[in-house]
Amino acid sequence: MKNEDSKRVFRTGDLARVAVFAALIAVLGLPGSFNVFGNPVPITLQTLGVMLAGAILGTWRAALAVVVLLVLVAAGLPLLSGGRGGLGVFAGPSAGFLIGWIPGAALTGWLVERAGRNPGIVQLVLACLAGGVGVIYLFGIPVQAMVTGASLGTTALLATAFLPGDVIKAVLAAVVVRGTQRAYPDAVPTVYRERLRAGGTR
């Protein structure tokens, strides 16, 4: 019975973590967005939230947090930067980038999990760059090209405007995550998973 109660608590804890990070990504859209060099895809802070979710929640919890957010957006809630929401955003130039948040968060989490119980700052930065930048661009650029009718090369060139900011976000995310994990070991995905397996209560 105690075992069952413990598992129930952890399931509730997972849901709480997922909800918190879905909310965090939404909140990071409040400062708004801006477009540069005529690119129809805006620059926002929300990818920072995707990186943070991946590095702290791990693979599936991070992906689920993003899925929760996107489902709410699809339902019409204005949770994207600039107060955007509704199914229309998934037919626009940003659609691929939004969908890319899911595997991007998952890959970031997966890489951090592979880094073990004490991921270093370099490992965290690389994980955030791979998932929060590389994967998102991989999904976003082809879809943007398809929606806008521009060539893949032109669209990729436009996307280079995102790179400086995204690199800064990856470094900032790594610093925040590293500090959080030092203060709260359960913020390390591997530590949290091991605690669950061991039937821990924190």
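How each quantity is defined
- Residues numbered from 1 in each chain as written.
- Predicted model: local features only at pLDDT ≥ 70, side-chain atom pairs only at ≥ 80, totals over all residues.
- Heavy atoms only, no water.
- Salt bridge = Lys/Arg side-chain N within 4 Å of Asp/Glu carboxyl O.
- Helix = DSSP H or I, 4+ residues; strand = E, 2+ residues; numbered from the N terminus.
- Buried < 20%, exposed > 50% of the residue type's maximum accessible area, 1.4 Å probe, protein only.
- Contact = heavy atoms within 4.5 Å.
- Patch = residues over 30% accessible without salt bridge, like charges linked within 9 Å, V, L, I, M, F, W, Y side chains within 5 Å.
- Areas by Shrake-Rupley, 256 points an atom, 1.4 Å probe, with all protein chains shown as cover.
- Phe/Tyr/Trp six-rings, centres within 6.5 Å; stacked < 30°, edge-to-face > 60°.
- Lys NZ or Arg CZ within 6 Å of the ring centre and 35° of its normal.
- pLDDT = per-residue confidence, 0-100.
- Axes fitted to C-alpha atoms, helices over the stretch in contact; angles between N-to-C directions.
- Parallel < 35°, antiparallel > 145°, perpendicular 65-115°, else oblique.
- Left-handed = near helix turned anticlockwise from the far one by under 90°.

1. Thoughts on the pattern of salt bridges
For step 1, the next point in the chain: Counted according to the given criterion, the structure contains six salt bridges.
For step 2, the next point in the chain: Among the ionic pairs, R193 bridges to E113, the shortest N-O distance being 3.9 Å. Taken together, the positions of R193 in helix α8 (residues 189–198) and E113 in helix α4 (residues 95–114) put the pair 80 residues apart, joining distant regions of the chain.
For step 3, the next point in the chain: Taking relative accessible area as the criterion, E113 reaches 12% and is therefore assigned buried.
For step 4, the next point in the chain: Residue K169 is joined to D166 by a salt bridge in which the shortest nitrogen-to-oxygen separation is 3.0 Å. Taken together, the residues span about one helical turn, with K169 and D166 both in helix α7 (residues 163–183) at a distance of three residues.

2. Structural notes on the environment of S94
For step 1, the next point in the chain: Here S94 lies in the loop between α3 (59–74) and α4.
For step 2, the next point in the chain: Between the C-alpha atoms of S94 and A26, which are 68 residues apart in sequence, the distance is 16 Å.
For step 3, the next point in the chain: The contact partners of S94, leaving out residues within four places of it in the chain, are V41, P42 and R84.

3. Some thoughts on a nonpolar patch on the surface
For step 1, the next point in the chain: Among the surface-exposed residues, I121, V122, L126, L163, V167, V171 and V175 lie close enough to one another that they form a single nonpolar patch of about 560 Å² accessible area.
For step 2, the next point in the chain: Elements represented by at least two residues in the nonpolar patch include exactly α5 (121–148) and α7.
For step 3, the next point in the chain: Tallying contributions element by element places α7 first for the nonpolar patch, with four residues.
For step 4, the next point in the chain: Following the sequence through the fold, V171 ends up in helix α7.

4. Focus on the environment of L87
For step 1, the next point in the chain: By the element assignment, L87 lies in the loop between α3 and α4.
For step 2, the next point in the chain: Note: C-alpha distance between L87 and E113 (26 residues apart in sequence) is 33 Å.

5. With respect to the packing of aromatic side chains
For step 1, the next point in the chain: A complete count under the given rule lists three aromatic pairs for this structure.
For step 2, the next point in the chain: Between F97 and Y137, the aromatic rings sit 6.4 Å apart at their centres with planes inclined by 80°, giving edge-to-face as the arrangement. With F97 in helix α4 and Y137 in helix α5, the pair connects residues that are 40 residues apart, well separated along the chain.
For step 3, the next point in the chain: Here the aromatic rings of Y137 and F162 are separated by 6.4 Å at their centres, their planes lie at 70°, and the arrangement is edge-to-face. Note that Y137 is positioned in helix α5 and F162 in the loop between α6 (152–159) and α7, a separation of 25 residues in sequence.
For step 4, the next point in the chain: Taking relative accessible area as the criterion, F162 reaches 8% and is therefore assigned buried.
For step 5, the next point in the chain: Taken together, the ring pairs in this structure connect F97, Y137 and F162 into an aromatic cluster.
For step 6, the next point in the chain: One residue, R17, lies across the ring of Y192, its end atom 3.7 Å from the ring centre.

6. A short note on the confidence of the model for the protein chain
For step 1, the next point in the chain: In this model, the protein chain carries an average pLDDT of 90, and 93% of its residues clear a pLDDT of 70 or more.
For step 2, the next point in the chain: Contacts from residues 1–9, a stretch scored under 50 in pLDDT, to residues over four places away or in other chains number two contacts.

7. Re the packing of α5 against α7
For step 1, the next point in the chain: For the pair α5 and α7, the least separation of the axes is 8 Å and the interaxial angle reads 135°. Relative to α7, α5 is oriented oblique. For the pair α5 and α7, the crossing hand works out as right-handed. Touching I121, L124, V125, C128, L129, V133 and Y137 of α5 are L163, D166, V167, A170, V171, A173, A174, V175, V177, R178 and Q181, all from α7.

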